[in-house]
Amino acid sequence: MSEILWAEKYRPKTLDEIINQEEIVSRLKQFVKEKNVPHLLFAGPPGTGKTTAALALAHDLYGERWRENVLELNASDERGITTIRERVKEYARTVALGEIPFKLIILDEADNMTADAQQALRRIMELYTTTARFCLIANYPSKIIEPIQSRCAFFRFRPLDKEHVFERLKYIAGQEGVKVTEEGLEAIWEVSQGDMRRAINTLQAAAALGVVTAENVYKAIGMAKPKEVQEMIALALKGDFMGARDKLRILLINYGLSGIDVIKQVHREIFNPRSTIKLPEDVKVEIADLAGEVEFRIVEGADDEIQLSAFLAKLALIGKRLKSGGRS
Amino acid sequence: MSVRMPWAEKYRPKRVSEILGNKKAALELYQWVKQWSKGIPRKKAALLYGPPGTGKTTAVYAVANELGYEVIEMNASDVRRAEDVERIIARAVNVGSLFGAKGRIILFDEIDGMSGTEDRGGLSEILRVIERTKIPIVMTANNPWDPRFRPLRDVSLLIRFNRVNKNTLTKILQNICAKEGIRADYSALRLIADMSDGDVRSAINDLQAIAEGRRVVTVEDVKALLARRYREYDAFTVLKLLFSSRSAEQAKAVLSQSELDYNDLKEWIHENLPLQYSDPEELAKAYDALAKADVYLGRIIKTQNWGLLSYAIDLMTAGVAMARRHPYHFVKYRFPSRMLLLSRTKESRQIRDRVLERIARKTHISRRGAALEYLPYIRAIFHANPQMGAGIARWLELNEEMIEYIAGDKEVARRVIEYMKPRAEIRTKRRGVQGKLF
């Protein structure tokens, strides 16, 4: 077994290696053949091959020395207008090396760029079209301002099919000399759906335990997710609000999760059939409603710790109601 | 990652002879515990009472230490319902034979912190334990005259702890400065003693806040702390006014009566809501109001529409205050711990960010993405298979402190690090052993 992250090791290097998203791949290959690329916007859920496609395109376009002509930036980490003005602009205005007359700038997680950074980007896209092409990658294309969208060729990536995921997982397992059972694959599918990255990470974590059986998959997932999420919910329902809030602070401050990550994990835990937290079905729906409101408010700009604390206080109230046997 | 040790703990007297304040009281306790070696005394429990920071708990531990007793403690951080009290007694019994054995003292610390609802039955259970006990029971309280404690008072030896006088306090502070190698003006220490109101713990905490990491402490430094303290005092007053308001108007007025701005007030309320409201209905309702106020504040930032501020303030003052269903009761408020937590965990958060940076660079993802999509799996792999973990750690070029952060467990980290050592090194080690043999 090799010892690096498989999701990275088995990331397709060229467009030919990409097994799904056939339509997108064939259009990208056409660009390579013509040695011309428009500005691109790749949109779709996580783990569907957006970044992989962008890197593979760069590889096929520029050959082995592709790195010299590609700037890869992650907008979540460098989302401000300064980065756009300085780094992107500086890179965009200089001439490309080699036979392709333009460079490629990959802006990953572009939907996290601030509005004014997007405005600045739009100008740069216009001014330096001859020397630079952009490939913007986003989970939510609606968060990209309209003028940028209209300047890009739009590609929508879809979650992968089960067969594709299984095929890939079996291939990796074969290469790594790992045994995989059919139930193991089904369990991986259950937690990852069409997200290939999550599927491969789950495969590797389960393989770290031995044969990839359903049992090892669930065990690995149990080890991977912060136990504090489940503990926090249990404490709140039990009525120990302070204890629950302490767990929340661990998740936000020590783990460094965002409030949105936390509420999403809570939501998943509530509906997880294997969770130790057992709730009446109608109460699960009630909590989903509360969780949705929390996420909405945080996205709108509210404080995550306060919103989540208010959520926990409501859970405590629900817990009390359940204990007394009442329903409303 | 070194954790800062509070000086109040570090310099807590370990023996009765080291105690400076309330020495007489400590000696009285010493005599009483000593009687137990000759048989069960008439009073089977001692109730130490007095203001905070006057050495009650310290005396118990010092006496126990000196006479070779082990202290089994139950304090305000434990839930103390009847069954919990029973459980702790049972634990003590299981270790030895409690009702009969010497060598243990049961300490119920801060019994006035026991709440009527959550610690239901706790006090009467303590009373029952005292009736049956064959080992010393010690309780501490700030105010023993609460009618609830009457039955306990009747069966206990009462030992009073007074506020520690300023000369003694100054002396204690001087001793600590000497041990820490700090040169402090006498007048500075005297000022700390003055403002501590006879509370040794708070005086030592103040000293540490001012003096830690410095060589010299002056009166000016102490005055700077005082100024900060004044603002804190202000927040406590505002909270008290707010939570005891009887009308929406009264509640709304509190903000204008103080120096606190609405953002600070939000933090203070957030921290103290669960302390003030123990009824889940009150808590949920008040948090709902605070969370809505927070939504308005977010909208103000986004739209710059400051007209919305008055709604935010209504919700966080009147909204929070009107959630009250039970009569107002005094609680000890505390400083918003979010800020403290952020500064205390700064070091580990920096390590975390460096870890995420490494992962992000190798996997074409943002740091947040790394935290969500990779870190948990790497952690699982570290635990499940240190050898595979070591490969990944090497690939990510992690150092030991980063590995420890990811593993979240020293032993797991150690195993991963062990596998990271080059094979040659392990071989040499073995050869070294053989060399000695021949």
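Residues numbered from 1 in each chain as written. Chains lettered and ligands numbered in written order. Predicted model: local features only at pLDDT ≥ 70, side-chain atom pairs only at ≥ 80, totals over all residues. Heavy atoms only, no water.

J.: Mind laying out the sheet that holds strand S4 (residues 132-138) of chain A, listing which residues take part and the relevant values?
T.: Residues and elements named next belong to chain A. Across the sheet, five strands lie side by side as S2-S3-S4-S1-S5; this open sheet has parallel pairing. Each having just a single partner strand, strand S2 (70-74) and strand S5 (153-156) make up the two edges of the open sheet. Each adjacent strand pair in this sheet contributes to an overall mean axis angle of 15°, direction not counted. When strand S1 (residues 40-43) meets S4, the two strands line up parallel, connected through four bridges. Residue pairing in the sheet places leucine 40 in a bridge with cysteine 135 of S4. Sitting on the sheet, helix H2 (residues 22-34) touches S1 and S5, and the angle it makes with S5 is about 150°. (Pairing = 2+ DSSP bridges. Helix = DSSP H or I, 4+ residues; strand = E, 2+ residues; numbered from the N terminus. Axes fitted to C-alpha atoms, helices over the stretch in contact; angles between N-to-C directions. Contact = heavy atoms within 4.5 Å.)

J.: Give a detailed account of the interface of chain B and chain A, specifying residues and quantitative values.
T.: Taken residue by residue, the interface counts 55 residues in chain B and 56 residues in chain A. Carbon and sulfur atoms make up 59% of the surface buried where chain B meets chain A, a total of about 5,100 Å² over both sides. Considering only the side of chain B, the residues that lose the most area to chain A are His364(B), Tyr377(B) and Met388(B), jointly responsible for 14% of the buried surface there. In this structure, the connection of chain B to chain A is made through nine salt bridges. Among the salt bridges present, the one from Glu271(B) reaches Arg245(A), with a minimum N-O distance of 3.6 Å. The tally of links between chain B and chain A comes to 20 residue pairs in polar contact (both at pLDDT 80 or more). Within the residue set of the side of chain B that touches chain A, elements represented by two or more residues are helix H12 (262-276), helix H13 (280-303), helix H15 (337-344), helix H16 (346-363), helix H17 (367-384) and helix H18 (386-395) of chain B. Here the side of chain B that touches chain A is built from residues that sort into 24 nonpolar, eleven polar and 20 charged. (Buried area = accessible area lost by both parts, 1.4 Å probe. Salt bridge = Lys/Arg side-chain N within 4 Å of Asp/Glu carboxyl O. Polar contact = N/O pair within 3.5 Å; in protein donor to acceptor, adjacent residues only side chain to side chain. Nonpolar A, V, L, I, M, F, W, Y, C, P; charged D, E, K, R; others polar.)

J.: Describe the packing of aromatic side chains, naming the residues involved and giving the relevant values.
T.: Any pair of aromatic rings gets described here by the distance separating the centres and the angle formed by the planes. All names here are of chain A. Counted by the stated rule, this structure contains twelve aromatic pairs over all chains. Centroid distance phenylalanine 31 to phenylalanine 155: 6.3 Å. Interplanar angle 85°. Geometry classified as edge-to-face. Taken together, the positions of phenylalanine 31 in helix H2 and phenylalanine 155 in strand S5 put the pair 124 residues apart, joining distant regions of the chain. Overall, the relative accessible area of 1% leaves phenylalanine 155 in the buried class. (Phe/Tyr/Trp six-rings, centres within 6.5 Å; stacked < 30°, edge-to-face > 60°. Buried < 20%, exposed > 50% of the residue type's maximum accessible area, 1.4 Å probe, protein only.)

J.: Lay out the pattern of salt bridges in plain terms, naming residues and giving numbers.
T.: Across all of its chains, the model carries 48 salt bridges over all chains by this definition. As a salt-bridge pair, Glu295(A) and Lys264(A) come within 3.1 Å of each other at their nearest N and O atoms. Here Lys264(A) lies in helix H13 (residues 259-271) and Glu295(A) lies in helix H14 (residues 281-300), a separation of 31 residues in the sequence. Judged by relative accessible area, Glu295(A) falls into the partly exposed class, the value being 24%. Residue Asp154(B) is joined to Arg150(B) by a salt bridge in which the shortest nitrogen-to-oxygen separation is 4.0 Å.

J.: Hey, could you go over the nonpolar core for me, with residue numbers and the actual values?
T.: Ranked by size, the top nonpolar core spans 71 residues in total, and within it Val262(A), Phe311(A), Leu312(A), Leu315(A), Ile269(B), Leu273(B) and Val320(B) carry the most contacts. Considering each element in turn, this core owes the most residues, ten residues, to H13(B). In contact with Leu273(B), other than residues within four places in its own chain, are Phe243(B), Leu283(B), Ala286(B), Tyr287(B), Leu290(B) and Val320(B). Core analysis: the second largest hydrophobic core is formed by 59 residues, Ile221(A), Ala380(B), Ile381(B) and Phe382(B) among them. (Core = buried A, V, L, I, M, F, W, Y, C linked by side-chain atoms within 4.5 Å.)

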